[in-house]
Amino acid sequence: MNIMNKPKLVFISNIASPYQVKFCDALQEHFHAEFWFYEAVSSMRPDWWRIPLGEHSRILRGTFFSKRTNYVSMDALFQLARFRPDVLLLGGFTPYHAVILQVAKRFGVKVVVLSEPIRNVSGESSADDRLLQKQDGPQKTARFHRLFKRADLLFGMGEVAAQQFVEEFDFPPERVVDAPYPMDIEAHFSHPLRQKQSGDPIRLLFANRLVARYGPLVALGAFKRLKRDYPNLSMRLNRDGEMAEACQSYIAQEGLTDVSFLDEIQSWDELHHVYAESDILVLPATYSNGNLTIVEACASGMGVVVSHPVNNVDAHLHDEVNCFKCDPTIDSLEAMIRRYLEEPALLEVHGARSKQYAKQYRNVYTATVYERLLRESNLVATTS
């Protein structure tokens with residue numbers, strides 16, 4: 001199809017996440033798409049997240065951030081006037097996005113708001129949760145409706161988010177859909193399956209940020225116990241997060257050996273090697289909306305042990321089929337990891353199944369899902 005006949009789509013988001021930059025390229029099959037970001041990389045992400053933006057993505061000029069407003073850039077409004085999209089996707093319920101929504105509607109643009117579940121589902125306040133501070137009950141719902149009621153569609157990033165937007169914030173169910181995350185997992189499918197025998201070295205991977213709700217100290221506690229029976233066991237952890245110092249202290253105090261942090265990564269394109277060199281992903285979270293690391297591990301063919309409070313994994317994680325699920329405790333995590341250690345052949349069996357489940361998350365398929373959701377909601381005409 002000639003690009004001039006495709007609908008024009010813009011996505012505005014906080015930082016230029018590599019998987020979003022690459023997703024923009026995948027969307028070109030269906031849209032004349034541009035992605036605009038407030039920052040290249042924030043202080044919450046490592047420098048190796050920086051990748052070339054290509055011809056379809058840009059960093060907005062004159063961006064500033066405050067806790068009260070989140071990100072703001074007047075350049076977003078100038079770019080809207082330049083590009084005149086048919087559809088605008090706004091990443092998050094932020095105060096400035098409420099302003100952009102009103103401006104876009106004056107241009108006749110169809111507007112979609114994308115968001116994960118917000119604070120009172122996860123129990124934590126997110127960066128995009130400024131609208132809810134000092135608000136509760138009916139006041140909270142009323143403010144959401146006043147600022148975002150003109151949105152044409154809401155993409156709940158997972159079933160929990162979509163359910164919250166309907167049940168708690170009372171958005172019409174016909175304007176709320178469950179949408180998938182974009183992911184960069186192509187390289188992971190080239191990884192071989194883990195063929196292990198009893199006594200072979202096995203490496204655990206804690207790939208998520210070191211924050212309390214993901215349970216890094218629980219993972220270290222389980223590793224400490226397992227190491228006594230399996231001396232060839234090792235573990236690698238993400239290096240970033242508020243609990244990094246606590247994890248380092250625990251390792252030193254307990255005299256743990258064969259534990260290291262992921263501090264040698266130099267670029268985004270090197271990240272998939274971390275999965276290729278690991279055997280079992282562990283995530284004993286007390287809450288998670290369904291992390292990208294899980295799908296990355298599945299695409300790589302790893303064994304997976306995650307806790308029951310990890311949401312939005314039903315399509316690619318099936319307990320006792322291609323993973324083991326546990327409670328977010330040391331005892332439970334230890335017991336489920338031990339299943340793999342006692343029967344290492346399960347790593348190959350589970351890994352083969354996981355690769356099949358993960359295929360649905362390739363960007364080429366996710367782009368097709370976005371096109372279908374927008375078309376079925378009558379926000380765009382048929383694009384192919």
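This text gives an overview of the structure that appears in the document. (Residues numbered from 1 in each chain as written. Predicted model: local features only at pLDDT ≥ 70, side-chain atom pairs only at ≥ 80, totals over all residues. Heavy atoms only, no water.)

1. Observations regarding the packing of helix α7 (residues 216–229) against helix α11 (residues 330–342)
- In the contact formed by α7 and α11, the axes pass within 9 Å of each other and the chain directions differ by 50°. In this view, α7 runs oblique relative to α11, as classed from their interaxial angle. Two packed elements cross with a definite hand, and for α7 against α11 that hand is right-handed. For the pair α7 and α11, the contacting residues are V218, A219, G221, A222, R225, L226 and D229 in the first and I330, D331, L333, E334, I337, R338 and L341 in the second. (Axes fitted to C-alpha atoms, helices over the stretch in contact; angles between N-to-C directions. Helix = DSSP H or I, 4+ residues; strand = E, 2+ residues; numbered from the N terminus. Parallel < 35°, antiparallel > 145°, perpendicular 65-115°, else oblique. Left-handed = near helix turned anticlockwise from the far one by under 90°. Contact = heavy atoms within 4.5 Å.)

2. A look at the pairing of strand β2 (residues 32–39)
- The element β2 is extensively covered by neighbouring structure, given that six of its eight residues are classed as buried.
- In this sheet, β2 lies alongside strand β1 (residues 8–15) in parallel orientation, the contact comprising seven bridges. Each residue of the ladder has a partner; that of L9, found in β2, is A33.
- Assessed by its sense of winding, the connection that carries the chain from β1 through helix α1 (residues 18–27) to β2 is right-handed. (Buried < 20%, exposed > 50% of the residue type's maximum accessible area, 1.4 Å probe, protein only. Pairing = 2+ DSSP bridges. Right-handed = clockwise from strand over helix to strand, strands pointing away.)

3. Thoughts on the sheet that holds strand β11 (residues 233–237)
- Reading across from one edge, β12-β11-β10-β13-β14-β15 is the order of the six strands in this open sheet, with parallel pairing throughout. Edge positions in the sheet fall to β12 (259–261) and β15 (324–326), since each of these pairs with one other strand and no more. Here the strands of the sheet are splayed against their neighbours by 20° on average, with no regard to which way each runs.
- Summarising the sheet, strand β10 (residues 202–206) and β11 pair through five bridges and their orientation is parallel. Looking across to β11, one finds that L204 is bridged to M235.
- The strands touched by α11 are β10, β11, β13 (280–283), β14 (303–307) and β15; relative to β15, the strand with the most contacts, the crossing angle is about 165°.

4. A closer look at the state of the cysteines
- By the definition in use, this model includes zero disulfides.
- Between C247, a cysteine without a disulfide, and C326, which holds the nearest cysteine sulfur, the sulfur-to-sulfur distance is 17 Å. (Disulfide = S-S within 2.5 Å.)

5. Observations regarding the sheet that holds β2
- A sheet is described by the order of its strands in space; here seven strands give the open sequence β3-β2-β1-β6-β7-β8-β9, paired in parallel fashion. Each edge of the sheet is formed by a strand with only one pairing partner; in this case those strands are β3 (57–59) and β9 (176–178). The mean inter-strand angle of the sheet, taken between neighbouring strand axes irrespective of direction, is 20°.
- By the bridge criterion, four bridges tie strand β7 (residues 110–115) to strand β8 (residues 153–156) in an arrangement that is parallel. Its bridge partner being in β8, V112 is matched across the sheet by L153.
- Contacts between helix α2 (residues 75–83) and the sheet are confined to β1, β2, β3 and β6 (87–91), with β2 contributing the most and set at about 170° to the helix.
- Against the sheet, helix α6 (residues 159–167) touches β7, β8 and β9, its axis set at about 165° to β9.

6. Things to note about α1
- For α1, the buried fraction is high: seven of the ten residues fall into the buried class.
- Those residues of α1 not exposed but buried are P18, Y19, Q20, V21, F23, C24 and L27.
- Against the buried residues of α1 lie β1, β2, β3, α10 (292–300) and α13 (363–376).

7. A few points about the pattern of salt bridges
- Considering all chains together, one arrives at 19 salt bridges under this definition.
- Taking the shortest distance from any N to any O, the salt bridge between E371 and R375 comes out at 2.9 Å. Of this pair, E371 and R375 both sit in helix α13, separated by four residues, roughly a single helical turn. (Salt bridge = Lys/Arg side-chain N within 4 Å of Asp/Glu carboxyl O.)

8. Topic: the pairing of β7
- The buried count for β7 comes to five of six residues, which makes it a mostly enclosed element.
- Relative to β7, β6 runs parallel, the two sharing five bridges. Paired with L89 across the two strands is V112, which belongs to β7.
- In this fold, β6 hands off to helix α3 (residues 95–106), which returns the chain to β7; that crossover is right-handed.

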